[in-house]
Amino acid sequence: MSVHKEIKKVTTHVLQEMKRGGEKISMLTAYDYTMAKIVDHAGIDVILVGDSASNVMAGHETTLPITLDQMIYHASSVVRAVDRALIIVDLPFGTYQGNSKEALNSAIRIMKESGAHAVKLEGGKEITESIQRILTAGIPVMGHLGLTPQSIYKFGTYNVRAKEEAEAQKLIEDAHALEKAGCFAIVLEKIPAKLAEQVAKELAIPVIGIGAGGGVDGQVLVFHDMVGLTHEFNPRFLRRYLNLYEEINTAVGQYIKDVKSKDFPNAGEQY
Ligand code: KIV
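Residues numbered from 1 in each chain as written. Predicted model: local features only at pLDDT ≥ 70, side-chain atom pairs only at ≥ 80, totals over all residues. Heavy atoms only, no water.

S.K.: Describe the side chain of Glu 122, with residues and values.
M.R.: Within the element layout of this structure, Glu 122 appears in the loop between β4 (118–120) and α6 (128–136). At 2.9 Å, the side chain of Glu 122 and the backbone nitrogen of Gln 150 are in polar contact. In this structure Glu 122 touches Asp 51, Tyr 96, Ile 127, His 144, Thr 148, Pro 149, Gln 150 and Ser 151, once residues within four positions along its chain are discounted. (Helix = DSSP H or I, 4+ residues; strand = E, 2+ residues; numbered from the N terminus. Polar contact = N/O pair within 3.5 Å; in protein donor to acceptor, adjacent residues only side chain to side chain. Contact = heavy atoms within 4.5 Å.)

S.K.: Tell me about α6, and name the residues and values.
M.R.: Every buried residue belonging to α6 is among Thr 128, Ser 130, Ile 131 and Ile 134, and all of these are buried. Projected down its long axis, α6 shows its buried positions confined to an angular sector of 155 degrees, all on one face. Across from the buried face of α6, at angles greater than 90 degrees, the exposed residues are Glu 129 and Thr 136. Taken together, the buried residues of α6 touch α5 (100–114), β4, β5 (141–146) and α8 (165–181). (Buried < 20%, exposed > 50% of the residue type's maximum accessible area, 1.4 Å probe, protein only. Arc of directions from axis to C-beta.)

S.K.: Hey, could you go over the domain arrangement of the chain for me, with residue numbers and the actual values?
M.R.: Once the domains are mapped, the chain shows domain 1 (3–240) and domain 2 (244–271). For domain 1 and domain 2, the distance between their C-alpha centres works out to 39 Å. (Domains from an automatic or database assignment.)

S.K.: Quick one: what's the story with the pairing of β5, residue by residue and with numbers?
M.R.: Of all 6 residues that make up β5, 6 are buried, and the element is covered over most of its length. Where burial is concerned, the two faces of β5 agree: the one with Val 141, Gly 143 and Leu 145 and the one with Met 142, His 144 and Gly 146 are both buried. Traced from β4 through α6 to β5, the parallel crossover comes out right-handed. (Right-handed = clockwise from strand over helix to strand, strands pointing away.)

S.K.: Go over the sheet that holds strand β2 (residues 46–49), please, and point to the residues and values.
M.R.: Taking strand neighbours around the barrel as the criterion, the 8 strands line up as β1-β2-β3-β4-β5-β6-β7-β8 in a closed arrangement whose pairing is parallel. The sheet shows a mean angle of 25 degrees between the axes of neighbouring strands, taken without regard to direction. Here β2 runs beside strand β3 (residues 86–90); their pairing, made up of 4 bridges, is parallel. Counterpart to Val 46 in the pairing with β3 is Leu 86. Relative to the sheet, α8 contacts β5 and β6 (185–189), its axis offset from that of β5 by approximately 180 degrees. (Pairing = 2+ DSSP bridges. Axes fitted to C-alpha atoms, helices over the stretch in contact; angles between N-to-C directions.)

S.K.: Can you break down the pattern of salt bridges residue by residue, with the values?
M.R.: Think of it this way: side chains of opposite charge can pair up when their charged atoms draw near. The final tally for this structure, using the stated rule, is 9 salt bridges. Residue Asp 90 is joined to Lys 120 by a salt bridge in which the shortest nitrogen-to-oxygen separation is 2.7 Å. Here the residue Asp 90 occupies a position in strand β3, and Lys 120 occupies one in strand β4, the gap between them amounting to 30 residues. As far as the burial class goes, Asp 90 and Lys 120 line up, both buried. Among the ionic pairs, Arg 109 bridges to Glu 113, the shortest N-O distance being 2.7 Å. Placement of the pair is Arg 109 and Glu 113 together in helix α5, with a separation of 4 residues, close to one helical turn. On the basis of relative accessibility, which here comes to 30%, the residue Arg 109 falls in the partly exposed class. (Salt bridge = Lys/Arg side-chain N within 4 Å of Asp/Glu carboxyl O.)

Quick look at the structure:
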C-alpha cells in the first residue's frame with residue numbers, strides 16, 4: 001500500500017524518499033491530455049513523456065525521427081492534464097549529443113515551453129558533462145541505460161543488453177557516473193534482473209526498470225502496451241492489464257453495423 005498516496009505533488013525528493021522507505025515507484029508513459037488525466041487520477045507517481053511517442057503516436061519504426069518541437073507538443077498536452085504526478089520528458093535523438101550547450105538549450109526549451117518537471121537522456125559517461133550543465137540551470141535529470149532505443153542502429157537489435165561480463169561492468173560504471181553527475185534517478189531497460197538488482201542496491205538514487213526484473217526501485221511500462229492498444233509487440237517483460245485493441249475493434253465493428261442498419265441513431269438519440 002502506498003504511503004505517499006496523500007502526497008499532493010510528487011517531486012524528485014519524494015521519489016528518493018520512496019526508495020529510502022522501500023516503497024516501489026510506479027511510472028507509465030503518456031503523450032496526450034486525455035490519457036495523462038486518467039493515469040494521473042489513478043495515482044501514478046511518475047509520467048514519462050517518452051520519445052516512444054515516435055513509435056506509438058506517429059508510427060515510426062524507431063524513436064529517432066521525433067523532434068524537439070513534437071516532444072514539446074506532447075509534453076504540453078500532458079502537463080495540462082496532470083495534478084499530482086512528476087512529469088519527465090525525453091530529450092529526443094539529436095538534441096543533446098552534439099555538446100553540452102546544445103543539451104542545455106534543448107532541456108531549457110522543454111521546461112520553458114511545456115511546463116514539465118524534469119528531462120531524461122540516454123547514455124552513460126559520455127553524456128555526464130551535458131547532465132552537469134543541464135543541472136546548473138536547475139533542471140532535474142533522469143538517466144537511461146541498458147537498451148537505449150536511440151542507439152538501435154549501433155546495437156542492431158532490441159535484444160536484452162549487458163548479458164556479457166564486459167558490457168555489464170560498463171553498465172555498472174555508467175550507472176555510478178550518472179549518479180555522481182547528479183541524476184535524481186535512472187531507468188534500466190531490458191537487462192538481466194540480477195544485474196539491475198545489483199545496480200539498485202549500489203546506488204542511493206531510485207532505479208526504475210523496464211524488462212529489468214523486480215529487484216529495482218520501481219517499474220515503467222509504455223501505457224499503450226500495458227492496456228493492450230498495441231497488440232503486435234509482445235516482449236516477455238510486458239504484462240497486459242487490458243486488451244483494448246480487441247475491445248475497440250469490437251466496438252467500432254458494432255458502430256459500423258448500427259449505422260448501416262439505421263439502428264443508430266434511434267428516437268432517443270436525436271433532437
Ligand atoms: O520512451 C520511452 O517510452 C522510454 C521508456 C521505455 C523508458 O524511454
